[in-house]
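Given next are the chains, with one letter for each unit.
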Amino acid sequence: MNPAGVDLHVRWLGRINFPDALALQEDIVLKKRHDSSMEDQFLLLEHEPVYTIGRTPDQSSLSRRATAGRIRRGELGTTHLPHPLFVINRGGQATYHGPGQLIGYPIINLRRCGQDLHKYLRWLEQLLIDVLAEYGVAGSRRESLTGVWVDDRKIASIGVGVRHWITMHGFALNVCGDLSAFNRIVPCGINNVAMTSMEKETATAFSVPGVARAFGKLVVDRIADLRVVQKIETITA
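Described below are features of the structure shown in this document.

**Some details on the sheet that holds strand 5 (residues 95-97)**
Adjacent strands of a sheet form backbone hydrogen bonds with each other and so pair up, either parallel or antiparallel. Taken together, 3 strands build an open sheet; the order of strands is 4-3-5 and the sheet is mixed. The sheet is open, and its two edges are formed by strand 4 (85-88) and strand 5, each paired on a single side. Each strand axis lies, on average, 30° off the axis of its neighbour in the sheet, ignoring direction. Bridge count between strand 3 (residues 50-54) and strand 5: 3 bridges; the pairing is antiparallel.

As structure tokens, this is what we get:
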């Protein structure tokens with residue numbers, strides 16, 4: 001998926017289990033820590049059904065929506081979740097991943113990007129907004145809320161982790177399929193949020209691999225927007 005001369009390797013992994021994808025990310029991050037010349041990577045994939053949450057003391061987003069806000073310390077459990085739960089090193093509250101979602105895991109050295117996490121998050125959001133536009137879906141940001149929305153409906157979630165300025169984790173874009181698994185949690189800790197997908201918004205069938213191809217082309221074109229260009233001054237006598 002990469003033209004010559006682009007130091008970003010975009011990889012389509014197909015559908016894989018969450019632990020395998022997590023192990024792959026950690027392996028790449030470790031190698032990049034020891035070899036700063038190693039190219040950045042952008043993993044695109046689908047997951048088998050799974051819930052994840054960041055390492056936060058507040059895990060109330062794992063409660064059923066019906067009990068959100070009425071849960072007491074010590075009462076929280078995960079027996080109501082129909083799929084495995086992983087607590088991981090990213091920001092944010094609970095979310096669901098499963099078939100029909102395009103998952104993106106950028107493993108990028110932010111030292112080459114000004115060590116600016118805010119810029120990185122806005123870059124990810126803009127990539128998602130632009131790829132949605134290619135399919136006729138008007139995605140947008142909402143003030144103080146990370147992710148991408150269609151009016152008041154959330155279509156893409158973002159949760160990133162950074163180790164030694166190397167990114168991992170990333171985004172989940174709802175392309176198609178069943179969204180009912182979100183009803184078992186409070187997605188991203190936002191009460192009464194409505195989750196949507198490209199399929200729901202357009203009444204059109206989409207495939208995750210097809211959207212992944214479009215996204216892969218876009219990210220290769222846009223990686224330069226994230227990079228910091230080192231200016232070389234010419235000194236004349």
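**A few points about the packing of helix 2 (residues 117-134) against helix 4 (residues 208-226)**
Here helix 2 crosses helix 4 at 145°, and the two axes come no closer than 10 Å. In this structure, helix 2 meets helix 4 at a crossing whose hand is right-handed. The segment helix 2 lies against helix 4, with Lys119, Tyr120, Trp123, Leu127, Leu128, Asp130, Val131 and Glu134 engaging Ala214, Phe215, Leu218, Val219, Arg222, Ile223, Asp225 and Leu226. The residue makeup of the contact of helix 2 with helix 4, split by class, is 11 nonpolar, no polar and 5 charged.

**Thoughts on the packing of aromatic side chains**
Under the defined criterion, the tally for this structure stands at 8 aromatic pairs. Note on phenylalanine 171 and phenylalanine 215: the rings are 5.0 Å apart at their centroids and 50° apart in plane angle, and the pair reads as tilted. In this pair, phenylalanine 171 sits in strand 10 (residues 166-174) while phenylalanine 215 sits in helix 4, placing the two residues 44 residues apart along the sequence. Across this residue pair, the class does not change: phenylalanine 171 and phenylalanine 215 are buried. Here the aromatic residues Phe42, Phe171 and Phe215 are joined through ring pairs into a cluster of three or more. Above the plane of the ring of tryptophan 149 lies arginine 142, whose end atom (NZ or CZ) is 4.6 Å from the centre.

**So, the pattern of salt bridges**
Taken as a whole and assessed by the stated rule, the structure comprises 13 salt bridges. Here aspartate 7 and arginine 112 are joined by a salt bridge, their closest N and O atoms 2.5 Å apart. Taken together, the positions of aspartate 7 in the segment before strand 1 (8-16) and arginine 112 in the loop between strand 6 (101-107) and helix 2 put the pair 105 residues apart, joining distant regions of the chain. With a relative accessible area of 28%, aspartate 7 lands in the partly exposed category.

**Considerations on the environment of valine 228**
Relative to the helices and strands, valine 228 is located in the segment after helix 4. Through-space distance from the C-alpha of valine 228 to that of glycine 114 is 6.0 Å; in sequence the pair is 114 residues apart.

**Overview of the side chain of asparagine 109**
Its place among the elements puts asparagine 109 in the loop between strand 6 and helix 2. Within the local environment of asparagine 109, its side chain forms a polar contact with the backbone nitrogen of arginine 111, the two atoms lying 2.9 Å apart.

**Focus on the environment of serine 37**
Along the chain, serine 37 falls in the loop between helix 1 (18-34) and strand 2 (40-47). Owing to a relative accessible area of 63%, serine 37 belongs among the exposed residues under this scheme. For the pair serine 37 and aspartate 7, spaced 30 residues apart in the sequence, the C-alpha separation amounts to 9.7 Å. At 2.6 Å, the side chain of serine 37 and the side chain of aspartate 35 are in polar contact.

Basis of the calculations
- Residues numbered from 1 in each chain as written.
- Predicted model: local features only at pLDDT ≥ 70, side-chain atom pairs only at ≥ 80, totals over all residues.
- Heavy atoms only, no water.
- Pairing = 2+ DSSP bridges.
- Helix = DSSP H or I, 4+ residues; strand = E, 2+ residues; numbered from the N terminus.
- Axes fitted to C-alpha atoms, helices over the stretch in contact; angles between N-to-C directions.
- Left-handed = near helix turned anticlockwise from the far one by under 90°.
- Contact = heavy atoms within 4.5 Å.
- Nonpolar A, V, L, I, M, F, W, Y, C, P; charged D, E, K, R; others polar.
- Phe/Tyr/Trp six-rings, centres within 6.5 Å; stacked < 30°, edge-to-face > 60°.
- Buried < 20%, exposed > 50% of the residue type's maximum accessible area, 1.4 Å probe, protein only.
- Lys NZ or Arg CZ within 6 Å of the ring centre and 35° of its normal.
- Salt bridge = Lys/Arg side-chain N within 4 Å of Asp/Glu carboxyl O.
- Polar contact = N/O pair within 3.5 Å; in protein donor to acceptor, adjacent residues only side chain to side chain.

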